[in-house]
Amino acid sequence: MRSEEEQLESLKEWWSKNGKSMIAGVVIALAGVGGWKAWEGHQVNQAESASQLYTDLTQIVMNGTGDSREQQADELIRRLTTDFSKSIYSDYARLFAARLAVERDQLDQAQTHLRSALESTRVEAIELVARLRLARILNSLDQVDEALVLLEVPNSGGFTAEIQSLRGDLLMSKGDALQAREAYQRALDASRAAGESAPLVEMKLDNLAAHGDA
């Protein structure tokens, strides 16, 4: 068994070889924890700022009037899509931008905003909303085939009724009554499954049946 002196000498030797690297490792670890905390704090501040800007945007779009409404909304949209481009609020801002463009009858700009939302978003619900709105714009421009392609999604979740109803309208405009009927029926089934009524879809199905297309 080694003596205490030998053990101490061995410890000193080990410390001289490994002590500095241990201290460095601890310092780096602590710095990492501090850096992570700082990053977390920055992210929280960013989210709060973006949330406040989005709240302001919502209030202005819903309650504002005249040129002041448009100018303020445009500035908030610019800030959200530029300063907070990675946040969900930038996606919402693009949807608002498309809405304002439609109000101005600037359909090309509306398309641009909606396509940007489709490219940037990682939220399925926002993607589906953007697809629906873009498909409606394309339909108004008689670009029916492109609109139909947009609505080809494997899982439309809670938007199934709206998507299938719009698909039915698009297919009817192409003269495809049989596929339109199938789309309307899927829309009606989805509405009923959600506990909702769909009188307009029912009327369209009744009209198809009355004309012998069912």
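Residues numbered from 1 in each chain as written. Predicted model: local features only at pLDDT ≥ 70, side-chain atom pairs only at ≥ 80, totals over all residues. Heavy atoms only, no water.

**Examining helix α2 (residues 66-83)**
Worth spelling out the cut-off: For the purposes of this entry, the term helix denotes a DSSP run of H or I that reaches at least four residues, the term strand denotes a run of E that reaches at least two, and both are numbered from the N terminus. Expected span of a helix, by definition, is 1.5 Å for each gap between consecutive residues, and there is one gap fewer than residues. When accessible area is computed with a 1.4 Å probe and restricted to protein chains, residues below 20% of their type maximum are described as buried, those above 50% as exposed, and intermediate ones as partly exposed. Working note: the arc is built from the helix axis to C-beta atom directions.
Counted at 1.5 Å a residue, the expected span for α2 with its 18 residues is 26 Å, and the 26 Å between its end C-alpha atoms agrees. What α2 keeps buried is the set Arg-69, Ala-73, Leu-76, Ile-77 and Leu-80. For α2, the buried positions fall inside an angular range of 105° around the axis, keeping them on one side. When the buried face of α2 is taken as reference, the exposed residues oriented beyond 90 degrees from it are Asp-67 and Gln-71.

**So, unusual backbone geometry**
As a rule of thumb, non-glycine residues mostly have phi less than zero, and peptide bonds are mostly trans rather than cis. At Asp-105, a residue that is not glycine, the phi angle is positive and equals roughly 65°. Of note, Asp-105 is situated in the loop between α3 (88-103) and α4 (107-120). In this structure Asp-105 comes out as exposed when scored by relative accessible area, which is 60%. Positioned with a positive phi, Asp-142 is a non-glycine residue whose angle comes to about 65°. Within the secondary structure layout, Asp-142 lies in the loop between α5 (124-140) and α6 (144-150).

**Things to note about the side chain of Arg-69**
Heads up, the condition is: Polar contact is defined as a pair of N or O atoms within 3.5 Å, subject to the rule that within protein one atom must be able to donate a hydrogen and the other to accept it, and that residues adjacent in sequence are counted only when both atoms are side-chain atoms. By definition in these notes, contact holds between two residues if any of their heavy atoms fall within 4.5 Å.
As for its placement among the helices and strands, Arg-69 is situated in helix α2. Separated by 3.0 Å, the side chain of Arg-69 and the backbone oxygen of Val-61 make a polar contact. For Arg-69, the residues in contact, after removing those within four places along its chain, are Ile-60, Val-61, Gly-64, Leu-100 and Glu-103.

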